Amino acid sequence: RIYAFEPVPTTFAGLVSSVQRLELQERVYPFPAAVTDHAGPTRISYSQRNSLCAQVTPNGLNKRIGDTLSHALGITLDAFYSWSGALPALMKIDVEGSEPAVLRGAQALLSRPDRPALHFEYNPVTLAESGESLAAFPTLLAGYKLYYVDDLQGQTFPFGAPIGELNDIDWICNLFAVPIGENSESRWAAALADAQRRIAA
């Protein structure tokens, strides 16, 4: 099962339409909400021509993002889990600078022995726009090891390379966070080896 959270009204409508057209109603569950670190109304900046870069902007419209300011329900993943009982195996986070807020709202999930793996975008520009500090990640991801996925610059680090200090990265990239623990790390090693074989082929 996939639980998909989308706060932009037009994008949410497109998501629902795609789920219905592909007959995935029993597998994909869309929710019109912004995942963050608190419950309640929140503001979203986006472009009606391209909402892929929509951003939570509590202080009003971010004109770099777009020309439209909308409101959405903000929820935390801990609250969603408490309500639904849905324990994720994998969380994919791409929220244009609100990644630390998502993680703060999921601290109960991320401290469990069976905590999920994470795939997230790391973007120093949008993090700064959101008022987030890069120093927040080591604390929020204390139970994880980080590995490199890809970037927009032609693969600065190899796919699957371990990441030591996030402060050394000042470009946009995608990272994978693996829970520290023998079972999780062995599963990651096997998945990484399989992916590297596929890429090489």
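The rules we used
- Residues numbered from 1 in each chain as written.
- Predicted model: local features only at pLDDT ≥ 70, side-chain atom pairs only at ≥ 80, totals over all residues.
- Heavy atoms only, no water.
- Helix = DSSP H or I, 4+ residues; strand = E, 2+ residues; numbered from the N terminus.
- Rg over C-alpha atoms; globule rule 2.2 N^0.38 Å.
- Buried < 20%, exposed > 50% of the residue type's maximum accessible area, 1.4 Å probe, protein only.
- Contact = heavy atoms within 4.5 Å.
- Areas by Shrake-Rupley, 256 points an atom, 1.4 Å probe, with all protein chains shown as cover.
- Lys, Arg positive; Asp, Glu negative; His and termini not counted.
- Charge placed at Lys NZ, Arg CZ, Asp CG, Glu CD.
- Pairing = 2+ DSSP bridges.
- Axes fitted to C-alpha atoms, helices over the stretch in contact; angles between N-to-C directions.
- Salt bridge = Lys/Arg side-chain N within 4 Å of Asp/Glu carboxyl O.
- Expected span 1.5 Å × (residues − 1).

### Examining the overall build of the chain
Across its full length, the chain holds 7 helices and 11 strands. Its C-alpha radius of gyration of 17 Å places the chain within 12% of the 17 Å reference for a compact globule of 201 residues. Principal-axis analysis of the C-alpha atoms places the extent of the chain at approximately 40 × 40 × 35 Å. Going through the 201 residues of the chain one by one, you find that 44% of them count as buried. Summarising the internal contacts of the chain: among those between residues at least 6 apart in sequence, 65% fall at separations of at least 24. Counting every atom, the chain has about 11200 Å² of accessible surface; 55% of that belongs to carbon and sulfur. Each charge class in the chain can be summarised by its mean position, and for the 15 positive and 21 negative side chains these summaries are 5 Å apart.

### What about the sheet that holds strand E11 (residues 173-179)?
Strand order in the open sheet formed by 5 strands is E7-E8-E11-E9-E10, and the pairing between neighbours is mixed. Single-partner strands in this sheet number two, and they are strand E7 (90-93) and strand E10 (162-163). Where strand E9 (residues 144-151) meets E11, 7 bridges bridge the pair, whose relative direction is antiparallel. Opposite tyrosine 148, over in E11, you have leucine 175 as the bridge partner. The strands touched by helix H7 (residues 182-200) within the sheet are E9 and E11, with E11 carrying the most contacts at an inclination of about 140 degrees.

### Structural notes on the pairing of E7
The alternating pattern of E7 places Met91 and Ile93 on a buried face and Leu90 and Lys92 on a face that is not buried. As paired strands, E7 and strand E8 (residues 117-122) are joined by 4 bridges and run parallel to one another. Bridged to leucine 90 within E8 is alanine 117.

### Considering the pattern of salt bridges
This model, assessed by the stated rule, comprises 7 salt bridges. Taking the shortest distance from any N to any O, the salt bridge between arginine 104 and glutamate 132 comes out at 2.8 Å. Of this pair, arginine 104 sits in helix H3 (residues 99-104) while glutamate 132 sits in the loop between helix H5 (124-129) and helix H6 (136-140), and the two are 28 residues apart along the sequence. The class of arginine 104 is partly exposed, set by a relative accessible area of 34%. Here arginine 198 makes a salt bridge to aspartate 194, at a shortest N to O gap of 2.9 Å. Of this pair, arginine 198 and aspartate 194 are both found in helix H7, 4 residues apart, which corresponds to roughly one turn of the helix.

### A few points about helix H1 (residues 9-21)
Between its terminal C-alpha atoms H1 stretches 18 Å, which fits the 18 Å expected from 13 residues at 1.5 Å a residue. Count one or two residues on from H1 and you reach glutamate 23, which has phi positive near 55 degrees.

### Quick look at the pairing of E11
Along E11, 7 of the 7 residues are buried, which leaves the element largely enclosed by surrounding structure. Here E11 shows no split at all, with Cys173, Leu175, Ala177 and Pro179 on one side and Asn174, Phe176 and Val178 on the other all buried. Note that E8 and E11 share 5 bridges and pair antiparallel. Along E11, the bridge assignment pairs tyrosine 122 with cysteine 173.

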